[in-house]
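Spelled out from the first residue to the last, the chains are:
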Amino acid sequence: QVQLVESGGGLVQPGGSLRLSCAASGFTLGNYAIGWFRQAPGKQREGVSCISISHGSTYTRDSVKGRFTISRDNAKNMGYLQMNSLKPEDTAVYYCAAGSQNPYCDYYTMDYWGKGTPVTVSS
């Protein structure tokens, strides 16, 4: 069964850090681009950061550049999102997705989705 499972979310104070993990099963994640998306209450889902199949290209939205870093470990069939210097506006449910076609960070073209992990940044 094809599955993506996110973990690592939780409650963190402003300025803190979290590392989100995305574990794939039932397929080879190395054959797919990995995308992290988020959805805050009352807002549309938006792309946060993505990494291409070849590792040669990444996308990171401007609001998290310098704070978030996407990575992957194909041998472990996993993807990661390191989140540093977290801000209250980063509060959202974060979703991992996998896609096999370009554009590699497009909500509408991703093939598989996890169910999300909540991140709350609050003091």
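Model, not experiment: these values are computed from the prediction.

S.K.: How should the packing of aromatic side chains be read in this particular structure?
M.R.: One pair of aromatic rings is described through two measures. These are the centre distance and the angle between the planes. If you walk through the whole model with that rule in mind, you get seven aromatic pairs. Pairing Tyr-32 with Tyr-112 gives two aromatic rings, centres 5.6 Å apart and planes at 55°, and the pair type is tilted. Pair noted here: Tyr-32 is in the loop between strand 3 (18-25) and strand 4 (33-39) and Tyr-112 is in strand 10 (residues 112-113), with a separation of 80 residues, a long-range link. Assessed through its relative accessible area of 15%, Tyr-32 is described here as buried. Between Tyr-107 and Trp-113, the aromatic rings sit 5.2 Å apart at their centres with planes inclined by 55°, giving tilted as the arrangement. Trp-113 sits in the partly exposed class, given a relative accessible area of 26%. Through a chain of ring-to-ring contacts, the aromatic side chains of Phe-37, Tyr-107, Tyr-108 and Trp-113 assemble into a single cluster.

S.K.: Whenever I open this one, the environment of Gln-44 confuses me. Can you help?
M.R.: Here Gln-44 is to be found in the loop between strand 4 and strand 5 (46-51). With sequence-adjacent residues up to four places away left out, Gln-44 is seen in contact with Arg-38 and Gln-39.

S.K.: Got a minute to help me understand the pairing of strand 4 in this structure?
M.R.: As a general feature of sheets, a regular strand has side chains that alternate between the two faces. For strand 4, the buried fraction is high: six of the seven residues fall into the buried class. Where strand 4 lies against strand 9 (residues 92-99), seven bridges are found, and the strand directions are antiparallel. Its bridge partner lying in strand 9, Ile-34 is registered against Ala-98. Bridging between strand 4 and strand 5 involves five bridges; their strand directions are antiparallel. For Phe-37, the partnering residue across the bridge sits in strand 5 and is Gly-47. What sits between strand 4 and strand 5 in their antiparallel hairpin is a turn of six residues, with Gly-42 showing a positive phi close to 80°.

S.K.: Looking at this structure, I do not really get the state of the cysteines. What am I missing?
M.R.: In protein chemistry, a disulfide is the covalent bond that joins the sulfur atoms of two cysteines. For the structure shown, the criterion picks out two disulfides. Two residues, Cys-22 and Cys-96, share a disulfide whose sulfurs are 2.0 Å apart. Every disulfide takes its handedness from the sign of the S-S torsion; for Cys-22 and Cys-96 that torsion is -80°, giving left-handed. Taken together, the residues span a long stretch of sequence, with Cys-22 in strand 3 and Cys-96 in strand 9 at a distance of 74 residues. The residues Cys-22 and Cys-96 share a single accessibility class, namely buried. For Cys-50, the disulfide goes to Cys-105, at an S-S distance of 1.8 Å. Note on the Cys-50 and Cys-105 pair: the S-S dihedral is about 65°, so by sign convention the disulfide is right-handed. You can see Cys-50 sitting in strand 5 and its partner Cys-105 sitting in the loop between strand 9 and strand 10, a full 55 residues away along the chain. Accessibility expressed as a relative area gives 0% for Cys-50, which makes it buried. The connectivity of the disulfides in the protein chain is 1-3, 2-4, where the numbers refer to bonded cysteines in sequence order.

What counts and what doesn't
- Residues numbered from 1 in each chain as written.
- Predicted model: local features only at pLDDT ≥ 70, side-chain atom pairs only at ≥ 80, totals over all residues.
- Heavy atoms only, no water.
- Phe/Tyr/Trp six-rings, centres within 6.5 Å; stacked < 30°, edge-to-face > 60°.
- Helix = DSSP H or I, 4+ residues; strand = E, 2+ residues; numbered from the N terminus.
- Buried < 20%, exposed > 50% of the residue type's maximum accessible area, 1.4 Å probe, protein only.
- Contact = heavy atoms within 4.5 Å.
- Pairing = 2+ DSSP bridges.
- Disulfide = S-S within 2.5 Å.

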